[in-house]
Amino acid sequence: MPSITYRKALNDALAEELERDENVVIIGEEVAEYNGAYKVTEGLHARFGDKRVVDAPISEAGFIGMGIGASMLGVRPVMELMFWSFAYVAFDQIINNAASVRYMAGGTINCPIVIRGPANGGTNVGATHSHTPENFIANTPGLKVVCPATAYDAKGLMKTAIRDNDPVYVMENTLLYGQKWEVPEEEYTIPLGVADIKKEGSDISLIAHGRAVITSLEAARILEEEDGIKAEVVDLRSIRPLDEEAIVKSVQKTNRAVIVEENKPFCGVGAQIASLLQYQAFDYLDAPIERVSAIDAPQIYAKPLEDIQIPDAARVVAAARRIL
């Protein structure tokens, strides 16, 4: 099985879906002639032409709104945001319109749009370019949110997202784009709403999504090597729909939980999971739930401080040791 980068996995997924379905198009800033701001769409314009891979002006409200309208007419647009931070100027389209149209149309109009791009801090680009808005999006009924942590998951989830008849918002991480994982050459998809156990364990559950999964795997390695603690790492993969059964089942086995995310803590994804465990796994908990998240402040520009702001393996290890 070949190893490819997270970026290449996304590129392969897009190419395969463009080839499979003539209704799939890619629209965004610099996605065509420039091959994408992060080179995720490299080579697709040359291969599929300017009717299928389209450069958009710097107006997220405009081109996202256009994509939503097109999706209502049967097109399957994949919209690239240079940063998910730029989605905020298109929230009426992203949150209000895309989420509501099928419900308000009594199920007669679908909105099969994918909006994708990086949603992360850690690249020292300041507070206005570093949002992780998966909690904002997941709060809205009618929207689906995925946060792949590996190249394998990125490809499988992207292909599923493009085929879905609802709006699916894919939140990537620029720090993962160059990392490699094994990805099979044969075609595959990954269903939305199905978590993945990245590492089996018996002593504590580390529940994470996105790059926090990689952080949790490193923390699990340290806990096992230094303390003999076997941590289970649960990769949510999908924020909404959320695999509640997998989360609860893991904690029922290990009796302890640390929730890890690069999102801010207040009203974050971790808060939702903590509530879930309180109601569905309370009798199995042998210690309080721990949450490890980004420090609750606008994203810090200075690298030494941003490195502290975002969870690292040491913070996850410390949280695990506190409840063990």
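Residues numbered from 1 in each chain as written. Predicted model: local features only at pLDDT ≥ 70, side-chain atom pairs only at ≥ 80, totals over all residues. Heavy atoms only, no water.

Taken in spatial order, the seven strands line up as β3-β2-β4-β5-β7-β6-β12 in an open sheet, and their pairing is mixed. Looking along the sheet, the strands with just one partner apiece sit at the ends: β3 (53-55) and β12 (238-240). Adjacent strand axes in the sheet meet at a mean angle of 20°, parallel and antiparallel pairs treated alike. On top of the sheet, helix α3 (residues 60-72) reaches β2 (24-28), β4 (76-80) and β5 (114-118); it is set at about 165° to β4, its chief contact. (Pairing = 2+ DSSP bridges. Helix = DSSP H or I, 4+ residues; strand = E, 2+ residues; numbered from the N terminus. Axes fitted to C-alpha atoms, helices over the stretch in contact; angles between N-to-C directions. Contact = heavy atoms within 4.5 Å.)

What follows deals with the domain arrangement of the protein. Assigned domains of the protein: these are domain 1 (3-182) and domain 2 (196-323). Between domain 1 and domain 2, the residue contacts involve 29 residues of the former and 26 residues of the latter. Of the roughly 2000 Å² buried at the junction of domain 1 and domain 2 (both faces included), carbon and sulfur atoms supply 54%. When the buried surface of domain 1 facing domain 2 is broken down by residue, Asn 124, Asn 135 and Cys 147 rank first, second and third, together holding 24% of it. (Domains from an automatic or database assignment. Buried area = accessible area lost by both parts, 1.4 Å probe.)

Bringing a nonpolar patch on the surface into the picture now. On the surface, Ile 295, Leu 305 and Ile 308 cluster together into a nonpolar patch covering about 280 Å² of accessible area. Locating Ile 295 in the fold gives a position in the loop between β14 (290-292) and α10 (303-309). A relative accessible area of 40% places Ile 295 in the partly exposed class. (Patch = residues over 30% accessible without salt bridge, like charges linked within 9 Å, V, L, I, M, F, W, Y side chains within 5 Å. Areas by Shrake-Rupley, 256 points an atom, 1.4 Å probe, with all protein chains shown as cover. Salt bridge = Lys/Arg side-chain N within 4 Å of Asp/Glu carboxyl O. Buried < 20%, exposed > 50% of the residue type's maximum accessible area, 1.4 Å probe, protein only.)

Bringing helix α11 (residues 313-323) into the picture now. Residues three or four positions apart in an α-helix share a direction because the helix packs 3.6 residues into each turn. Within α11 the residues assigned to the buried category are Ala 313, Val 316, Val 317, Ala 319, Ala 320 and Ile 323. With its buried residues spanning 160° around the axis, α11 presents them on a single face. Projecting away from the buried face of α11 at angles above 90 degrees are the exposed residues Ala 314 and Arg 322. Contact partners of the buried residues in α11: β10 (204-208), α7 (211-227), β13 (257-260) and β14. (Arc of directions from axis to C-beta.)

Per the counting criterion, the structure on display carries 31 salt bridges. We note a salt bridge from Asp 166 to Arg 102, for which the minimum N-O separation is 3.2 Å. Of this pair, Asp 166 sits in the loop between α6 (151-163) and β7 (168-172) while Arg 102 sits in helix α4 (residues 91-104), and the two are 64 residues apart along the sequence. Overall, Asp 166 belongs to the buried group, its relative accessible area being 14%. Take Arg 102: its relative accessible area is 35%, and that puts it in the partly exposed class.

Another aspect to go through is the pairing of β7. Burial analysis of β7 places five of its five residues in the buried class, the great majority of the element. Covered by surrounding structure in β7 are Val 168, Val 170 and Glu 172 together with Tyr 169 and Met 171, the residues of both alternating faces. As paired elements, β5 and β7 share five bridges and run parallel to each other. Paired with Val 114 across the bridge in β7 is Val 168. Bridging between strand β6 (residues 144-146) and β7 involves three bridges; their strand directions are parallel. Looking at the pairing, Val 145 lines up with Tyr 169 of β7.

Next up on the list: the side chain of Asn 173. Along the chain, the position of Asn 173 falls in the loop between β7 and β8 (180-182). Polar side-chain contacts of Asn 173 include one of 3.5 Å to the side chain of Asn 120. At a separation of 2.8 Å, a polar atom in the side chain of Asn 173 contacts the main-chain amide nitrogen of Leu 175. When near neighbours in sequence (up to four residues on either side) are disregarded, Asn 173 contacts Tyr 6, Asn 120, Arg 211 and Glu 262. (Polar contact = N/O pair within 3.5 Å; in protein donor to acceptor, adjacent residues only side chain to side chain.)

This part covers the nonpolar core. Considering soluble globular proteins, one finds that nonpolar side chains tend to be buried as a cluster. Grouped together as the largest cluster of nonpolar side chains are 45 residues, with contacts concentrated most on Ile 64, Trp 84, Ile 94, Ile 115, Ile 137, Ile 207 and Leu 277. Mapped by element, the contributors of at least two residues to this core are β2, α3, α4, α5 (134-138), β7, α8 (244-254), β13 and α9 (269-280). With residues up to four places along the chain from it excluded, the contact list for Trp 84 reads Ile 94, Ile 115, Arg 116, Gly 117, Pro 118, Ala 119, Pro 133, Ile 137, Tyr 169, Val 170 and Met 171. Core analysis: the second largest hydrophobic core is formed by 34 residues, Ala 9, Val 53, Val 114 and Ala 154 among them. (Core = buried A, V, L, I, M, F, W, Y, C linked by side-chain atoms within 4.5 Å.)

This part covers the state of the cysteines. According to the stated counting rule, one finds zero disulfides in the structure shown. Counting only cysteine sulfurs, Cys 147 is the nearest neighbor of Cys 111, a cysteine outside any disulfide, at a range of 19 Å. (Disulfide = S-S within 2.5 Å.)

A separate point is the packing of α3 against α4. For any two helices packed against each other, the geometry comes down to the angle between their axes and how far apart the axes lie. Orientation of α3 relative to α4, taken along the N-to-C sense of each, is 5°, at an axis distance of 10 Å. Regarding the angle of α3 to α4, the classification is roughly parallel. Across the interface between the two elements, Ala 61, Ile 64, Gly 65, Ile 68 and Met 72 from α3 touch Gln 93, Ile 94, Ala 98 and Val 101 from α4. Within the contact of α3 with α4, the residues separate by chemical class into seven nonpolar, two polar and no charged. (Parallel < 35°, antiparallel > 145°, perpendicular 65-115°, else oblique. Nonpolar A, V, L, I, M, F, W, Y, C, P; charged D, E, K, R; others polar.)

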